[in-house]
Amino acid sequence: MDTGTHLVIGLGLAGLAHVDPVVAADSTVATAVLIGTVLGSQAPDFDGLLRLKGNAVYIKNHRGASHSLPALLLWTLLITGGLALAFSGLPLLHVGLWVFGAVCFHVFTDLFNTYGTQAFRPFTEKWISWNIIHIFDPFIFITHLVAIFLWVTRALEPQWIFPVLYLFLALYYIWRTITHYRLEKGLPHRDSYYEQGDRYFLIPTVNLSVWNVVKRKRDGSYSLGELKNDEFRWLDRVVCDEHPAVEASKSHPSVASFLYFSSFACAEVRHYEWGYEVRWADVRYRHRKQYPFVAVLRMNIKYEPIESYVGWVSEARLEKKLRMS
């Protein structure tokens, strides 16, 4: 999820913690839990600091080790230990469990997005993305804001507000999961161009009634479509180029990081007098007829790197980014 959603979830879990009599009975403990759940809900994304080492390092590692199984315990111990130093006499078991819950909830919600996480490391480095909930979901965000408002204004006690909130959220996640499964399973029946071996992926958008559709064909090409208000249509087709420049680009750090993360990468080769430009795009992220998540490598005629860029960028800004790199 996005940073703002993780923040309101951290506050929501602090409200939910009042179902714990130890937390509800002591304002100091409640304050410590509030700080702990807010930090715990943000901690796995502290790997955002990797941006300082460049986009390639960040893209390869974001939502990787920081979201792994060992990291769940590490973040919990670090935050709980810090709270123990700041507040004397805390019931560390109670505080630690709520911090652990916040860290786990962060990783759990990220699994439902398209970006995905390596949540099962060290057992596997596979990127897990269930494509069910958009990275920003208005329903999740707004319901948290309403619950927090009711809590802050003391309209209702948190012991009542937040169990109801998270019950509704559990039902919401179940509904979205069932809807996603049903719609994705039915895509071949909607597609008049279906061929044996085609694979379909349903991608959520911020609009609950609109889904993006990615079809991967056996020849490696992709078709991109939209399922809107139960009406399906194709929007674009992307054919991946095969060229020696494509193979040469795979060893470059920027492209290697991109390919490590994305299993929906497609390459396009552009020929110039000075050499080649290989543009890898993640076809899941089509926006306004463009594919803004890219890795671009320019090489001379000997396939030696000239300049590169990896990250999110519009077509209009890409040239500037390449020159700056």
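In the block above lies the structure referred to throughout.
Before going into details, it helps to say that this report is about the structure given with it. All values reported here derive from a predicted model rather than from experimental measurement. (Residues numbered from 1 in each chain as written. Predicted model: local features only at pLDDT ≥ 70, side-chain atom pairs only at ≥ 80, totals over all residues. Heavy atoms only, no water.)

### Observations concerning the environment of tyrosine 173
- In this fold, tyrosine 173 is placed in helix 8 (residues 158–190).
- In this structure tyrosine 173 comes out as buried when scored by relative accessible area, which is 9%.
- If we skip the residues at most four places from it in the chain, tyrosine 173 touches Thr109, Phe112, Ile133 and Ile140. (Helix = DSSP H or I, 4+ residues; strand = E, 2+ residues; numbered from the N terminus. Buried < 20%, exposed > 50% of the residue type's maximum accessible area, 1.4 Å probe, protein only. Contact = heavy atoms within 4.5 Å.)

### What to know about the nonpolar core
- Ile133, Ile140, Phe162 and Tyr166 are the most contacted members of the largest nonpolar core, which totals 41 residues.
- Contact partners of isoleucine 133, with chain neighbours within four places excluded, come to Met1, Phe112, Asn113, Thr114, Ile140, Tyr172, Tyr173, Arg176 and Pro204.
- Grouped together as the second largest cluster of nonpolar side chains are 22 residues, Ala56, Val255, Phe258 and Ala267 included. (Core = buried A, V, L, I, M, F, W, Y, C linked by side-chain atoms within 4.5 Å.)

### Quick notes on unusual backbone geometry
- At the junction of arginine 121 and proline 122, the peptide bond is cis and its omega measures out at 15° in the coordinates.
- Within the secondary structure, proline 122 is located in the loop between helix 6 (92–111) and helix 7 (138–152).
- Although it is not a glycine, asparagine 229 sits at a positive phi angle of roughly 50°.
- Note that asparagine 229 resides in the loop between strand 3 (222–228) and strand 4 (231–238).
- The backbone phi angle of lysine 289 is positive, close to 65°, even though this residue is not glycine.
- Among the residues examined, lysine 289 registers a relative accessible area of 70% and is labelled exposed.

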